[in-house]
Amino acid sequence: MKIAFLGNFNVDFTSETHWAKSIESLGHEVVRIQESTAQADAVLRTALTCDVFVWVHTHSFKVGGDMSSALKQLKKAKIPTI
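Residues numbered from 1 in each chain as written. Predicted model: local features only at pLDDT ≥ 70, side-chain atom pairs only at ≥ 80, totals over all residues. Heavy atoms only, no water.

Observations concerning the side chain of Glu 16
(1) Moving on: Mapped onto the fold, Glu 16 is located in helix 1 (residues 15-25).
(2) Moving on: Look at Glu 16: it is buried, it has no salt bridge, and the nearest opposite charge is Arg 32 at 10 Å.
(3) Moving on: Discounting chain neighbours no more than four positions away, the residues touching Glu 16 are Phe 5, Gly 7, Asn 8, Phe 9, Val 56 and Thr 58. (Helix = DSSP H or I, 4+ residues; strand = E, 2+ residues; numbered from the N terminus. Buried < 20%, exposed > 50% of the residue type's maximum accessible area, 1.4 Å probe, protein only. Lys, Arg positive; Asp, Glu negative; His and termini not counted. Salt bridge = Lys/Arg side-chain N within 4 Å of Asp/Glu carboxyl O. Contact = heavy atoms within 4.5 Å.)

Focus: the environment of Thr 58
(1) Moving on: Take Thr 58: it is sitting in the loop between strand 3 (52-55) and helix 3 (67-76).
(2) Moving on: Along the sequence, Thr 58 and Ala 70 sit 12 residues apart, while their C-alpha atoms lie 18 Å from each other.
(3) Moving on: Residues in contact with Thr 58, not counting those within four places in the same chain, are Asn 8, Glu 16 and Glu 35.

Thoughts on unusual backbone geometry
(1) Moving on: Unusually for a residue other than glycine, Lys 78 sits at a positive phi of about 60°.
(2) Moving on: In this structure Lys 78 comes out as exposed when scored by relative accessible area, which is 71%.

Concerning the nonpolar core
(1) Moving on: One finds Leu 6, Val 43, Phe 53 and Met 67 to be the most contacted residues of the largest nonpolar core, which totals 15 residues.
(2) Moving on: Contributions of two or more residues to this core are made by strand 1 (2-7), helix 2 (40-47) and helix 3.
(3) Moving on: If you tally residues by element for this core, the top one is helix 2, at four residues.
(4) Moving on: Here Phe 53 is in contact with Ala 4, Leu 6, Val 43, Ala 47, Met 67, Leu 71, Leu 74, Ile 79, Pro 80, Thr 81 and Ile 82, once residues within four sequence places are set aside.
(5) Moving on: By size, the runner-up hydrophobic cluster in this structure holds seven residues, among which are Ile 3, Ala 20, Val 30 and Val 54. (Core = buried A, V, L, I, M, F, W, Y, C linked by side-chain atoms within 4.5 Å.)

Note that every value here comes from positions in space, so none of it alone points to a role or purpose.
Written as structure tokens, this is what we have:
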């Protein structure tokens, strides 16, 4: 399974980093997307190539662009989103 994962991966001790490593240890591919530098259109393009989209929102980071529209498009494409 290929998973697009939007979160904070700037340092090795975030929950997102540990979760991504755990998912990879189960044999899945994780595409890490750094929330603080992400743009909604790029997130959407990446997530559309994956089986699942996971977003752990960090309160201090903002994704550039319209994530609401991106999430609606992922729903239309039947990409499970967490």
